[in-house]
Amino acid sequence: MDIAFLGLGRMGRELVPHLIDAGHRVTAWNRSPGPAEAIGRRGARIASTAAEAVDGAEAVVSVLFGPETVREVIVDGGLPWRPGALWIDVTTVAPADAEAFAGFADAAGIRYVHSPVVGSLAPARAGALAVLIGGEHDAAREARRIVALWADPDKLRLFDAAPKAAASKLVANLALAVSMEALSESLRLGRAAGLDGDEVLRTLSLTAIAPMAAMKGQPVTAGAFDDAQFSAAALAKDTRLMLATSDAPLPAVALVAAELQRAVEAGDGEKDFSVIARDR
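Figured I'd write up the structure that's included with this text.

1. Thoughts on the packing of helix α9 (residues 197-204) against helix α10 (residues 210-222)
For any two helices packed against each other, one specifies the crossing angle of their axes together with the interaxial distance.
Here is step 1 of the chain: At their nearest, the axes of α9 and α10 sit 9 Å apart, and the two run at 170 degrees to each other. Classified by the angle between their axes, α9 and α10 sit roughly antiparallel to one another. Residues G197, D198, L201 and L204 of α9 lie in contact with α10, whose contacting residues are A210, A213, G217, Q218 and T221.
Here is step 2 of the chain: Classifying every residue of the contact of α9 with α10 by side-chain character gives four nonpolar, four polar and one charged.

2. Looking at the environment of D138
Here is step 1 of the chain: Tracing the chain through its elements places D138 in helix α7 (residues 137-147).
Here is step 2 of the chain: Judged by its relative accessible area of 41%, D138 falls in the partly exposed class.
Here is step 3 of the chain: Residues D138 and V90, 48 residues apart in the sequence, show an inter-C-alpha distance of 18 Å.
Here is step 4 of the chain: Only 3.2 Å separates the side chain of D138 from the side chain of H137, close enough to count as a polar contact.

3. Some words on the nonpolar core
Here is step 1 of the chain: In terms of nonpolar packing, the biggest core is built from 34 residues, with F5, L15, V131 and W150 touching the most fellow members.
Here is step 2 of the chain: Those residues in contact with V131 that sit more than four places away from it in its chain are S115, P116, V117, V147, W150, A151, K155, L156 and R157.
Here is step 3 of the chain: In this structure, A47, V73, W81 and F104 belong to the second largest nonpolar core, which totals 26 residues.

4. A few points about the packing of aromatic side chains
Here is step 1 of the chain: Under the criterion given, the structure shown has six aromatic pairs.
Here is step 2 of the chain: Between W87 and Y112, the aromatic rings sit 4.7 Å apart at their centres with planes inclined by 65 degrees, giving edge-to-face as the arrangement. With W87 in strand β5 (residues 86-89) and Y112 in strand β6 (residues 111-114), this residue pair connects regions lying 25 residues apart in the sequence.
Here is step 3 of the chain: Following the ring pairs from residue to residue traces out a cluster consisting of W81, W87, F101, F104 and Y112.
Here is step 4 of the chain: Over the aromatic face of F65 sits the side chain of K237, whose NZ or CZ is 5.3 Å from the ring centroid.

5. Considering the pattern of salt bridges
Here is step 1 of the chain: Scanning all chains against the criterion turns up 15 salt bridges.
Here is step 2 of the chain: A salt bridge links D272 to K216; the nearest nitrogen and oxygen atoms lie 3.0 Å apart. With D272 in the segment after α12 (251-268) and K216 in helix α10, this pair connects stretches of sequence that are 56 residues apart.
Here is step 3 of the chain: Looking at K216, the relative accessible area reads 7%, which means it is buried.
Here is step 4 of the chain: A salt bridge links K237 to D238; the shortest N-O distance between them is 2.6 Å.

Reading guide: rules and limits
Residues numbered from 1 in each chain as written. Predicted model: local features only at pLDDT ≥ 70, side-chain atom pairs only at ≥ 80, totals over all residues. Heavy atoms only, no water. Axes fitted to C-alpha atoms, helices over the stretch in contact; angles between N-to-C directions. Helix = DSSP H or I, 4+ residues; strand = E, 2+ residues; numbered from the N terminus. Parallel < 35°, antiparallel > 145°, perpendicular 65-115°, else oblique. Contact = heavy atoms within 4.5 Å. Nonpolar A, V, L, I, M, F, W, Y, C, P; charged D, E, K, R; others polar. Buried < 20%, exposed > 50% of the residue type's maximum accessible area, 1.4 Å probe, protein only. Polar contact = N/O pair within 3.5 Å; in protein donor to acceptor, adjacent residues only side chain to side chain. Core = buried A, V, L, I, M, F, W, Y, C linked by side-chain atoms within 4.5 Å. Phe/Tyr/Trp six-rings, centres within 6.5 Å; stacked < 30°, edge-to-face > 60°. Lys NZ or Arg CZ within 6 Å of the ring centre and 35° of its normal. Salt bridge = Lys/Arg side-chain N within 4 Å of Asp/Glu carboxyl O.

Spelled out as structure tokens, the structure:
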């Protein structure tokens, strides 16, 4: 299949090789040339514009930074869509955005499926992500054959509408953000009360946030935030989407959003989101 791939950020760079290895013909585009050059060496054809990438493609996969970028590059981009093309958007967006993008696709004579992923770069590289798929039945079934290339088969979740997949992704990232805040505050409390980091982590292994403690505990206690599996800037953007989506109060999310924004303003936006646990 001829597939256009738009966006070669951290996640996009991990997904493209799965398409190439499965025998698809991939034309990739990215604003900055460095990531594109690396993916070109991996076997993709590199387009100089998004329009060049999309022209003639049977399917278009977009992994962009957020809904504003999707609107700029795709909705307002005047792209030369092939009639009936399948657009699979992996970008984390709000449910209202997914609904609007589905409407745009319908008017453009293409098919829209929202398929965000849950997981970080290591499972993406291993083809072991959780993958959410939302859209019209036949389009979602076709998209599944593509996104299954980077999915753990036991972690595929299907929804009958794109906004539900978007909402599910925000729910997953809410749990991630709040668990990180719980780890951060647990370490601060433990240290204030005379426990060292390892003692706190051993205690947390008995609790509901044991997975977060296992994943981020040692890097946090070592002050190692440069290996950005999921950047502070990206999670800050997602918490803003959560707050904008919910009519009900989300006080824990508001707290983490403020912590993440402080990290971004301090110049740590490209560091791992666990940087919110940095000693002050």
